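Inside the fold
Listed below, chain by chain, are the residues.
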Amino acid sequence: MEQEAAREEEERKEGLIEFYDSFKDMFEFFCKNTTIHGTIRLVCSSSNKMKTAFWTLLLLASFGMLYWQFALMFSQYWAYPVVLTMSMHSEPKMFPAITICNLDPYRFDLVSEHLAQLDRMAERSVTILYGINTSASLFHVNENSIHVRDLPSTGNHNRSSFKLSQNFSLLRTTEFNNRTGKRQSLVGFRLCNATGGNCFYKTYSSGMDAILEWYRFHYMNIMSQQPVIINISDHEEKIEDMVYSCQYDGEPCRPSDYIHFHHPVFGSCYTFNSKGTDSFWTATKPGIPYGLSLILRAEQKDHIPLLSTVAGVKVMIHNHNQTPFLEHEGFDIRPGIATTIGIQQDEVNRLGGNYGKCTTDGRDVKVKLLYNSYTLQACLHSCFQHIMVQKCGCGYYYYPLPPGAEYCNYNKQPAWGHCFYQLYSRLRNHHLNCFDQCPKPCRESLYKVSAGTAKWPSRKSQDWIRQALRHQNGYNSTSNRKDIAKVTIYYKQLNYQSVNESPLLSDNLLLSSMGSQWSLWFGSSVLSVVEMLELLIDTLVLSLLFCYQRFRSKTLKVAHTPSIPSVSLTLESYRVVQEAGKDIAPAHGHTSGLHMAAANSSDPHPAQHPARQYLSTAQTWC
């Protein structure tokens, strides 16, 4: 027995896995061996309860401050903030794309009768509103209307198939102004839904703005009922009729350097260097002599005066392969003026992902793009056009059409104006989800411009300049007309700024900040974190062991219920019984057959052993 006990003790001491006998032993071992500062004070000053309590509170406070700082860092990290870094670059670069329009939309003979009728309606409206007769020369059918050739004489192109509606007349109304507390006079026109109800007035405080919007509304209905107008570019003027002179970096421009397209408001437009792939347009030097120099026709006589009241040329500087939205961007060039425009490029690179919404090429955007390239304006226009086709049953004339749709025409859709202006008001007030569905490009180039102007040509040089243009470029004008303009666009410097977004808290910076905080409050390292993790695991394992022992003890206690004493007693027990009961009469000797205790019993609690219970019973009986 002793040898077996010694062997078990030896095996226990030499075991591979040793564990603690209590939580106190485990905690003392941790405090004496951990690398966390201050924990040893909890056990070395255990005799002084005041010091122990002080160091306990100090460690708990440091622990709380540490994880409070951790919470702040993680909340900031999961907010994904960014920081902007600016860098300067200097290298030869491609000249931007330049779009020019003549601000002079043409009349087409295909719809000239409807436009003439619209001019007469506008003349009557102005007379009724202001009581004056407009000049007959203001509303006229221009003799130089463009003739669209080779059109099939089908029903779709029948001039009598469209009639101007008299239901959208200009009216003068009064409205109470909540800001001033007075009634003000407004001018506008009335719009109703398909059933003639839910009417409202599209009004303006300025009569001029109201007339222009009213005229444009009718103009869209006239133009949209002739689908061929969309491709009218091939029948408009040639570039020689608009651009009298073109030079870049001292070299004359080539026919392949521009493309022509038609804008519904600004007429003929040309884009120079639209692709940005020709080495001819590489900018090697900054300055006016190395830029793009143009002499342009800028007639002051508008073909459609109430559609465009501006004389001059529209110019827009934009990225390559980008659709120019001239109604939202660009600037005007005055006739009789020489304008120099200096440009400087900035590049913006956005992170995207968790750090913000942006798209690389628009393929991941839910809106189906109606333009060739992705820009924010292109996405917004596409989104609005899809919603309008869905809600109103037709598309807005100034935007491209989705497949299978048609442009709005109040002969076919009498209430499209009511639907359009309500939708556009919702878009402007951000009540449509277009702004949520259209992120910014992840990478884009922005051009900052600065302009200077001077009178051109001067009084002394205008005669010979006009004569030179007339002989060389077919310029047909008298010397007293200011119908030409000069514009020069150049790089002020080839240096450009690159603005890049970078994470304010990267993974490495977050770990570094956490290590700094841990070292500040505990003066320890990452191994101390492993030690605390080990302490937690040991606490969990020890708790499970104690729970298992308690459960096992309860199970054994239930299983070991009192039973009938064994009839086998040892010889020694038999002798003890005989000595204790030597005065018992021989008549009771028959019980000796039951006195056989279990041999080799080693119960440490003899009072609870069944044999001892039986012995006590026998003594009592004796």
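Residues numbered from 1 in each chain as written. Predicted model: local features only at pLDDT ≥ 70, side-chain atom pairs only at ≥ 80, totals over all residues. Heavy atoms only, no water.

Some points on helix 6 (residues 207-224)
Defined as follows: Helix numbering and strand numbering both begin at the N terminus, where a helix is a DSSP run of H or I of at least 4 residues and a strand a DSSP run of E of at least 2. To estimate how far a helix should reach, multiply one less than its number of residues by 1.5 Å. For each residue, the accessible area found with a 1.4 Å probe, counting protein chains only, is set against the maximum for its type, and the residue is called buried under 20%, exposed over 50%, and partly exposed in between.
Here helix 6 is 18 residues long and its end C-alpha atoms lie 26 Å apart, about the 26 Å a rise of 1.5 Å per residue gives. Among the 18 residues in helix 6, 14 count as buried, and that is most of the element.

Describing the sheet that holds strand 13 (residues 313-318)
Rules: Here, any two strands with at least 2 DSSP bridges between them count as paired. Axes, fitted as lines to C-alpha atoms, cover a helix only where it is in contact. Angles between the N-to-C directions of the axes lie from 0 to 180 degrees.
If you walk across this open sheet you meet the 5 strands as 9-10-3-13-14, and the pairing is antiparallel. Where the open sheet ends on each side, the last strands, each with one partner, are strand 9 (258-263) and strand 14 (331-333). Strand-to-strand twist across the sheet, computed as the mean angle between neighbouring axes with direction ignored, equals 25°. Pairing geometry for strand 3 (residues 97-101) and strand 10 (residues 267-272), over 4 bridges, is antiparallel. Residue pairing for strand 10: I98 is matched across the bridge by F272.

What about a nonpolar patch on the surface?
Filter applied, for reference: A patch consists of residues whose relative accessible area exceeds 30% and which take part in no salt bridge; residues with like charges are grouped when within 9 Å of each other, and nonpolar side chains (Val, Leu, Ile, Met, Phe, Trp, Tyr) when within 5 Å. Residue burial considers only the protein chains on display, and all accessible areas are found by Shrake-Rupley using a 1.4 Å probe. Salt bridge, as applied in this entry: a Lys or Arg side-chain nitrogen positioned within 4 Å of an Asp or Glu carboxyl oxygen.
On the surface, F19, F23, L533, L536, I537, V541, L545 and F546 cluster together into a nonpolar patch covering about 670 Å² of accessible area. Of all the elements, helix 12 (residues 526-559) adds the most residues to the nonpolar patch, at 6 residues. Among the secondary structure elements, F19 is positioned in the loop between helix 1 (2-13) and helix 2 (23-33). In this structure F19 comes out as partly exposed when scored by relative accessible area, which is 33%.

Some thoughts on the packing of aromatic side chains
Inclusion rule: Each Phe, Tyr or Trp ring, with Trp reduced to its six-membered ring, pairs with another whose centre is within 6.5 Å; inter-plane angles below 30 degrees give stacked pairs, above 60 give edge-to-face pairs, and intermediate values give tilted ones.
On inspection of all chains with the given rule, the structure shows 34 aromatic pairs. Measuring from ring centre to ring centre gives 6.2 Å for Y77 and Y80, while their planes differ by 45°; the resulting arrangement is tilted. A residue is classified by how much of its surface remains accessible, and Y77, at 16% relative accessible area, is buried. Geometrically, the ring pair formed by Y396 and Y399 is edge-to-face, given 5.0 Å between the ring centres and 75° between the ring planes. Note on Y396: relative accessible area 9%, which makes it buried.

Focus on the nonpolar core
For clarity, the threshold we go by: By nonpolar core is meant a set of buried Ala, Val, Leu, Ile, Met, Phe, Trp, Tyr and Cys residues that side-chain atoms within 4.5 Å join together. Throughout, a residue-residue contact means that at least one pair of heavy atoms, one from each residue, lies within 4.5 Å.
M388, Y398 and W416 are the most contacted members of the largest nonpolar core, which has 64 residues in total. With 9 residues, helix 6 is the single largest residue contributor to this core. Not counting residues within four places of it along the chain, the set of residues in contact with Y398 comprises R216, Y219, M220, P264, V265 and L307.

As for unusual backbone geometry
Following W456, the chain continues to P457 via a peptide bond in cis, the omega torsion being -10°. Mapped onto the elements of the fold, P457 is located in the loop between strand 18 (443-455) and helix 10 (462-473). Of note in this structure, N198 is not a glycine but carries a positive phi near 55°. Examined against the element boundaries, N198 turns out to sit in the loop between strand 5 (183-191) and strand 6 (200-204). Phi is positive for H430, close to 65°, though the residue is something other than glycine. Residue classification places H430 among the exposed residues on the basis of a relative accessible area of 51%.

Section: the state of the cysteines
Using the following cut-off: The disulfide criterion used throughout: a pair of cysteine sulfur atoms within 2.5 Å.
Scanning all chains against the criterion turns up 8 disulfides. Each sulfur in the disulfide pair C358 and C442 lies 2.0 Å from the other. Across the S-S bond linking C358 and C442, the dihedral sits near 85°, which makes this disulfide right-handed. Of this pair, C358 sits in strand 16 (residues 358-359) while C442 sits in the loop between strand 17 (440-441) and strand 18; the two residues are 84 residues apart in sequence, bridging distant segments of the chain. Its relative accessible area of 13% is what places C442 among the buried residues. Paired through a disulfide, C394 and C408 show a sulfur-sulfur distance of 2.0 Å. Where C394 bonds to C408 through sulfur, the torsion about that S-S bond is close to 90°, and the disulfide is right-handed. With C394 in the loop between helix 7 (376-392) and helix 8 (416-428) and C408 in the loop between helix 7 and helix 8, this pair connects stretches of sequence that are 14 residues apart. Judged by relative accessible area, which is 0%, C394 ranks as buried. Looking at C408, the relative accessible area reads 3%, which means it is buried.

Some details on the pattern of salt bridges
For the structure shown, the criterion picks out 9 salt bridges. D257 is the salt-bridge partner of R254, the closest N and O atoms lying 2.8 Å from each other. Linking D346 and K448 is a salt bridge whose minimum nitrogen-to-oxygen distance equals 3.3 Å. Residue D346 is found in strand 15 (residues 337-349), and its partner K448 is found in strand 18; the two are separated by 102 residues along the sequence.

Thoughts on the packing of helix 6 against helix 8
Filter applied, for reference: Should an angle lie under 35 degrees it is considered roughly parallel, over 145 roughly antiparallel, and from 65 to 115 roughly perpendicular; all remaining angles are considered oblique. Note on convention: the crossing is left-handed when the near helix lies turned anticlockwise from the far helix by less than a right angle, right-handed when the turn is clockwise. Any residue that is not Ala, Val, Leu, Ile, Met, Phe, Trp, Tyr, Cys, Pro, Asp, Glu, Lys or Arg is counted as polar, Gly included; the first ten are nonpolar and the last four charged.
The contact between helix 6 and helix 8 brings their axes to 12 Å, and the two run at 120°. The pairing of helix 6 with helix 8 is recorded here as oblique in orientation. Crossing geometry of helix 6 relative to helix 8 is assigned as right-handed. Packed against helix 6, whose contacting residues are E213, F217, M220 and N221, the element helix 8 presents W416, G417 and Y421 at the interface. Considering only residue class, the contact of helix 6 with helix 8 consists of 4 nonpolar, 2 polar and 1 charged.

Brief notes about a positive patch on the surface
The line we're drawing: Positive charge is attributed to Lys and Arg, negative charge to Asp and Glu, and no charge count is given to His or to the chain ends. Every charge is mapped onto a representative atom, which is NZ of Lys, CZ of Arg, CG of Asp or CD of Glu.
A cluster of like positive charges, contributed by R334, K455, R459 and K482, occupies part of the molecular surface. With respect to the helices and strands, the residue K482 is situated in the loop between helix 10 and strand 19 (484-491).

Concerning the sheet that holds strand 6
Overall, antiparallel pairing links the 3 strands, which are arranged 4-5-6 in an open sheet. Each edge of the open sheet carries a strand with a single partner, namely strand 4 (171-176) and strand 6. Pairs of neighbouring strands in the sheet enclose a mean axial angle of 55°, with direction left out of account. By the bridge criterion, 6 bridges tie strand 4 to strand 5 in an arrangement that is antiparallel. If you follow T173 over to strand 5, its bridge partner there is L186. Helix 6 rests against strand 5 and strand 6 of the sheet, and its axis sits at about 5° to strand 5.

Focus: the UniProt feature "transmembrane region" (unreviewed entry) in the protein chain
What counts here: UniProt positions are given in the numbering used here, feature names are shortened, and annotations may be inferred rather than shown by experiment.
Taking the numbering used here, the UniProt-annotated feature "transmembrane region" (unreviewed entry) corresponds to residues 57-80. Along residues 57-80, the helical share is 92% and the strand share 0%, with 35 Å between the first and last C-alpha atoms.

A closer look at the environment of I295
The residue I295 is located in strand 12 (residues 292-297) in this model. Once the C-alpha coordinates of I295 and M242 are considered, the two residues, 53 residues apart in sequence, prove to be 8.6 Å apart. Beyond its immediate chain neighbours, meaning those up to four positions away, I295 contacts M242, V243, Y244, S245, W456, L469, A485 and K486.

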